[in-house]
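Structural characterization, general
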Amino acid sequence: MTNKRAALYVRVSTDHQSVENQTRDLRHVAERRGWEVVETYSDAGISGSKGRNQRPGLDALLKHANRGKFDIVLCWAIDRLGRSLIDLLGTIQHLEACKVDLYLDQQSIDTTTPMGKLVFQVTGAFAEFERSMIKQRVRAGLRRAVAQGKVLGRPKLAANVETAIRAALAEPDCPGTRVLAKQFGVSRPTIQRIAAEPA
């Protein structure tokens with residue numbers, strides 16, 4: 001095997017567990033393959049159902065993949081990367097887009113091989129299928145809501161409230177959008193929209 005720069009990603013769900021076993025096993029794999037471990041990313045005590053924004057180790061790994069800091073990511077098992085199908089496929093596709101290979105020890109998936117590359121392509125197809133299913137369900141739900149007479153979107157602002165906001169905006173000592181939003185119980189963008197529209 002060629003000498004690749006490897007990054008390890010290890011995760012445990014609770015503080016009572018340790019990442020040491022995963023790290024040791026993955027270091028042995030890298031050593032056998034002749035891959036140089038350049039970084040270990042860890043999320044200890046964090047559930048796999050959490051998204052990237054709540055997993056600092058995974059977030060750092062994906063940012064460093066963008067920068068080309070390594071050629072392959074080694075992970076002990078697929079559920080260490082994530083439990084949500086959408087998040088998991090997003091992570092795999094992100095690595096593929098960065099031209100970073102993936103090795104999953106327990107599933108014997110290695111994208112440095114032709115079979116492993118096929119797995120990447122299949123997961124991409126699954127991700128596209130999942131996204132299209134979600135879109136179809138959302139559209140069907142919206143059609144059903146309209147058919148039942150439900151009004152979609154934000155509720156319209158009462159005319160008297162909008163008039164009062166316009167009057168407050170016209171005052172020479174107008175306190176600003178933040179104060180007005182709090183005073184009238186609306187969002188700042190609503191105040192900004194009313195200010196930008198002609199009276």
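Residues numbered from 1 in each chain as written. Predicted model: local features only at pLDDT ≥ 70, side-chain atom pairs only at ≥ 80, totals over all residues. Heavy atoms only, no water.

Details of a nonpolar patch on the surface
Where nonpolar side chains cluster on the molecular surface, the patch consists of Ile-86, Ile-134, Val-138, Leu-142, Val-146 and Leu-152 and spans about 480 Å² of accessible area. Counting residues per element, the nonpolar patch draws most heavily on helix H5 (residues 114–147), at four residues. Residue classification places Leu-152 among the partly exposed positions, given a relative accessible area of 43%. (Patch = residues over 30% accessible without salt bridge, like charges linked within 9 Å, V, L, I, M, F, W, Y side chains within 5 Å. Areas by Shrake-Rupley, 256 points an atom, 1.4 Å probe, with all protein chains shown as cover. Salt bridge = Lys/Arg side-chain N within 4 Å of Asp/Glu carboxyl O. Helix = DSSP H or I, 4+ residues; strand = E, 2+ residues; numbered from the N terminus. Buried < 20%, exposed > 50% of the residue type's maximum accessible area, 1.4 Å probe, protein only.)

Let's talk about the packing of aromatic side chains
Under the defined criterion, the tally for this structure stands at two aromatic pairs. Each ring, one from Tyr-41 and one from Phe-70, has its centre 6.0 Å from the other, and the planes form 65°; the classification is edge-to-face. Here Phe-70 lies in the loop between helix H2 (56–66) and strand S3 (72–75) and Tyr-41 lies in strand S2 (residues 36–44), a separation of 29 residues in the sequence. Tyr-41 gets classed as buried once you look at its relative accessible area, which sits at 6%. (Phe/Tyr/Trp six-rings, centres within 6.5 Å; stacked < 30°, edge-to-face > 60°.)

What to know about H2
Burial in H2 covers these residues: Gly-57, Leu-58, Asp-59, Leu-61, Leu-62, His-64 and Ala-65. Against the buried residues of H2 lie strand S1 (5–12), S2, S3, helix H3 (78–81) and helix H4 (85–97). Taken from the residues just after H2, Gly-68 is the one with a positive phi, measuring 70°. (Contact = heavy atoms within 4.5 Å.)

Considering the pattern of salt bridges
Pairs can form between side chains of opposite charge once their charged atoms are near each other. On inspection of all chains with the given rule, the structure shows ten salt bridges. Across the pair Arg-33 and Asp-110 runs a salt bridge, and its minimum N-O distance is 2.5 Å. Of this pair, Arg-33 sits in helix H1 (residues 20–33) while Asp-110 sits in strand S5 (residues 109–110), placing them 77 residues apart in sequence. The class for Arg-33 is partly exposed, based on a relative accessible area of 25%. The structure contains a network of salt bridges with shared partners spanning Glu-162, Arg-166, Arg-193 and Glu-197.

Considering the pairing of strand S4 (residues 101–104)
Covered by surrounding structure in S4 are Asp-101 and Tyr-103 together with Leu-102 and Leu-104, the residues of both alternating faces. Where S3 meets S4, four bridges bridge the pair, whose relative direction is parallel. Counterpart to Cys-75 in the pairing with S4 is Leu-104. Across two bridges, S4 lies against S5 in antiparallel orientation. Of the residues in S5, the one forming a bridge with Leu-104 is Ile-109. Where S4 folds back on S5, the antiparallel hairpin that results is connected by four residues, among which Ser-108 adopts a positive phi of roughly 55°. (Pairing = 2+ DSSP bridges.)

Quick look at unusual backbone geometry
Even without being a glycine, Lys-99 presents a positive backbone phi close to 60°. As for its position among the elements, Lys-99 is in the loop between H4 and S4. Residue Ser-108 is not a glycine yet carries a positive backbone phi of 55°. Looking at the element boundaries, Ser-108 is found in the loop between S4 and S5. Overall, Ser-108 belongs to the exposed group, its relative accessible area being 62%.

Overview of the environment of Ile-194
Among the structural elements, Ile-194 can be located in helix H8 (residues 188–196). In this structure the C-alpha to C-alpha distance between Ile-194 and Ile-165, which are 29 residues apart in sequence, comes to 7.8 Å. In contact with Ile-194, not counting residues within four places along its chain, are Leu-157, Glu-162, Ile-165, Arg-166 and Leu-169.

Topic: the layout of surface pockets
When its volume is computed, the largest pocket comes out at roughly 170 Å³. Along its surface, the largest pocket is lined by Arg-154, Pro-155, Lys-156, Leu-157, Glu-162, Val-186, Thr-190 and Arg-193. (1 Å grid on protein atoms, 1.4 Å probe; cavity = no way out; pocket = protein on both sides within 12 Å on 5 of 7 lines; lining within 4 Å. Points joined across faces, edges and corners; volume = space filled by probe spheres on them.)

Quick word on the nonpolar core
Of all hydrophobic cores here, the largest spans 19 residues; its most connected members are Tyr-9, Leu-61, Phe-70, Val-73, Leu-81, Leu-95 and Leu-102. Residue assignment for this core shows that the elements contributing at least two residues are S1, H2, S3, H4 and S4. Per element, the largest residue contribution to this core is four residues, and it comes from H2. Non-local contacts of Leu-61, meaning those with residues more than four positions away in its chain, are made with Ala-7, Tyr-9, Tyr-41, Phe-70, Val-73 and Leu-95. Core analysis: the next-biggest nonpolar cluster, separate from the first, contains twelve residues, Val-12, Val-29, Ile-72 and Tyr-103 among them. (Core = buried A, V, L, I, M, F, W, Y, C linked by side-chain atoms within 4.5 Å.)

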